[in-house]
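# Overview (structure and organization)
What follows is the residue order along each chain.
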Amino acid sequence: SSVDFVLRGRNWSTTVRGNRVYDRISGLNHRLDVSFNALGDAAARDLPHGIIGQSFSSPAPRFGMVDEYPEEGRFTTTAMAEGAIEGEAALYE
């Protein structure tokens, strides 16, 4: 089972859901999934900023770099949202 925590403001809704990690090999047994939703015309009214805000800046899809995940072994991301955000991920660190 999972538990949801929903925070609603004037322009945004944020949901945090606790879930199990399925097919876990090692590490933690649970994870947190976070989702954001613009309410009303918030995305059109407010200037988008930050990695999350930019995902609401346009209704058009964004086509950025995509990581290819190996079948097994360790993996380090290289995409880092590039192509889906303005600039590079390092600008947001």
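This text follows the structure it describes.
Predicted model, so just to flag it, every value in this text is computed and none were measured.

Cut-offs applied
- Residues numbered from 1 in each chain as written.
- Predicted model: local features only at pLDDT ≥ 70, side-chain atom pairs only at ≥ 80, totals over all residues.
- Heavy atoms only, no water.
- Phe/Tyr/Trp six-rings, centres within 6.5 Å; stacked < 30°, edge-to-face > 60°.
- Buried < 20%, exposed > 50% of the residue type's maximum accessible area, 1.4 Å probe, protein only.
- Helix = DSSP H or I, 4+ residues; strand = E, 2+ residues; numbered from the N terminus.
- Lys, Arg positive; Asp, Glu negative; His and termini not counted.
- Salt bridge = Lys/Arg side-chain N within 4 Å of Asp/Glu carboxyl O.
- Polar contact = N/O pair within 3.5 Å; in protein donor to acceptor, adjacent residues only side chain to side chain.

### As for the packing of aromatic side chains
- Scanning the model with the defined rule gives one aromatic pair in all.
- Ring geometry for Tyr69 versus Phe75: centroids 4.8 Å apart, planes at 50 degrees, classification tilted.
- Residue classification places Tyr69 among the exposed positions, given a relative accessible area of 62%.

### A word on the environment of Asn37
- Relative to the elements of secondary structure, Asn37 occurs in strand β3 (residues 30-38).
- The spatial distance from the C-alpha of Asn37 to the C-alpha of Thr15 is 8.5 Å, given a sequence separation of 22 residues.

### Digging into unusual backbone geometry
- Its identity is not glycine, yet Asp23 carries a phi of approximately 55 degrees, on the positive side.
- One can find Asp23 in the loop between β2 (12-20) and β3.

### Looking at the side chain of Asp67
- In this fold, Asp67 is placed in the segment after α2 (50-54).
- In this structure, Asp67 is buried with no salt-bridge partner, the nearest side chain bearing the opposite charge being Arg74 at 15 Å.
- Polar side-chain contacts of Asp67 include one of 2.2 Å to the side chain of Thr77.
- A distance of 3.0 Å separates a polar atom in the side chain of Asp67 from the backbone nitrogen of Ala79.

Purely spatial values, then, with no claim about function.
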